[in-house]
Amino acid sequence: CNTVEESDEQIQEIRDQLAAAGSQATLSQFFTRRYFKVIALAFFIAMFNQLSGINAILYYAPKVMKLAGGAEVLGDAFPYIGSVIVGLMNLVATMAALTVIDKLGRRQLMIVGSIGYLISLGFLAGMMFAYEGGYFEEGSAAPVWLILLGLLGFIASHAFGQGSVIWVFISEIFPNRVRARGQSLGSLTH
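Caption draft 1: The arrangement of the overall build of the protein in detail. For the protein, the helix and strand inventory stands at ten helices and zero strands. In terms of overall size, the protein is more extended than a compact globule, its C-alpha atoms giving a radius of gyration of 22 Å where 190 residues would be expected to give roughly 16 Å. Taking all 190 residues of the protein together, 36% fall into the buried category. Long-range pairs, those at least 24 residues apart, make up 77% of the contacts in the protein with a sequence separation of at least 6. Side-chain charges in the protein split into 12 positive and 13 negative, and the spacing between the mean points of these groups amounts to 14 Å.

Caption draft 2: How the structure looks around helix 6 (residues 78-104). Taking 1.5 Å of rise per residue, the 27 residues of helix 6 would be expected to cover 39 Å, and the 36 Å separating its terminal C-alpha atoms lies within 8% of that figure. If you look at helix 6, its biggest bend is around 35°, right at Leu98. Where helix 6 ends, the next residue or the one after it, Gly105, has phi of about 100°, a positive value.

Caption draft 3: Inspection of the environment of Val84 at higher detail. Position of Val84 relative to the elements: it lies in helix 6. Taking the C-alpha atoms as reference points, Val84 and Ala61, 23 residues apart in sequence, are found 9.1 Å from one another.

Caption draft 4: Representation of the packing of aromatic side chains in the model. By the definition in use, this model includes four aromatic pairs. Taking 6.1 Å as the distance between ring centres and 25° as the angle between the ring planes, the aromatic pair formed by Phe44 and Phe48 counts as stacked. In this pair, Phe44 and Phe48 both sit in helix 3 (residues 36-51), four residues apart, roughly one turn of the helix. Judged by its relative accessible area of 40%, Phe44 is partly exposed. Between Phe78 and Trp145, the ring centres sit 5.1 Å apart and the planes meet at 65°, which makes this aromatic pair edge-to-face. Placement of Phe78 in helix 6 and of Trp145 in helix 8 (residues 142-160) is noted, with a sequence separation of 67 residues between them. Three or more aromatic residues joined by ring pairs make a cluster, and in this case those are Phe43, Phe44 and Phe48.

Caption draft 5: The arrangement of the pattern of salt bridges in detail. Per the counting criterion, the structure on display carries two salt bridges. Put simply, Arg106 and Asp102 hold a salt bridge, and the shortest N to O gap is 3.0 Å. A cluster of three or more residues bridged by salt bridges with shared partners is formed by Asp102, Arg106 and Glu172.

Caption draft 6: Representation of the side chain of Asn49. As for its position among the elements, Asn49 is in helix 3. Among the polar contacts listed, one links the side chain of Asn49 to the backbone oxygen of Gln162, at a separation of 3.0 Å. Not counting chain neighbours up to four residues away, the residues in contact with Asn49 comprise Ile54, His158, Gln162, Gly163, Ile166 and His190.

So, how was this worked out
Residues numbered from 1 in each chain as written. Predicted model: local features only at pLDDT ≥ 70, side-chain atom pairs only at ≥ 80, totals over all residues. Heavy atoms only, no water. Helix = DSSP H or I, 4+ residues; strand = E, 2+ residues; numbered from the N terminus. Rg over C-alpha atoms; globule rule 2.2 N^0.38 Å. Buried < 20%, exposed > 50% of the residue type's maximum accessible area, 1.4 Å probe, protein only. Contact = heavy atoms within 4.5 Å. Lys, Arg positive; Asp, Glu negative; His and termini not counted. Charge placed at Lys NZ, Arg CZ, Asp CG, Glu CD. Expected span 1.5 Å × (residues − 1). Bend = angle between axes of the 7 residues up to and from the residue. Phe/Tyr/Trp six-rings, centres within 6.5 Å; stacked < 30°, edge-to-face > 60°. Salt bridge = Lys/Arg side-chain N within 4 Å of Asp/Glu carboxyl O. Polar contact = N/O pair within 3.5 Å; in protein donor to acceptor, adjacent residues only side chain to side chain.

Shown next as structure tokens:
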């Protein structure tokens with residue numbers, strides 16, 4: 001909103017919608033055919049957000065870095081430093097997404113994030129196979145840095161796409177009358 005008048009107009013629209021719809025919908029009124037599409041969208045977006053594997057990467061980044069030889073090649077502290085770098089990337093990419101989400105739109109961010117998933121996870125899989133297959137010299141730091149790069153790409157893709165869009169999407173998709181129940185369902189699924 002650019003002006004106080006626009007803000008007041010939007011607040012009045014919300015009040016009018018709530019007054020026209022009556023009081024909050026009961027649980028039996030929420031799970032009806034009328035809201036099936038938005039309930040399904042919120043449920044599946046939240047579910048796929050978790051199934052992306054983001055938590056496995058965030059929780060097990062040090063282990064992934066150790067398996068890639070990070071501790072042997074760059075020292076025992078490197079896997080943990082790499083994990084901190086991954087966390088910082090998550091923060092930076094989330095902040096970047098929040099600055100452009102209204103300009104680019106939720107759909108565009110989801111598409112960009114999904115393409116980033118494919119590229120970064122494909123790259124990571126290739127690097128792990130190359131590392132396990134002995135395509136790198138023994139003691140080389142290259143696979144460690146390349147795997148960290150792939151992890152950073154995955155984290156950035158998630159934070160810029162699905163990670164930031166889900167909360168905005170779930171809060172906006174439901175009509176005012178059922179918004180509280182809808183957000184609760186989406187958050188529960190997540």
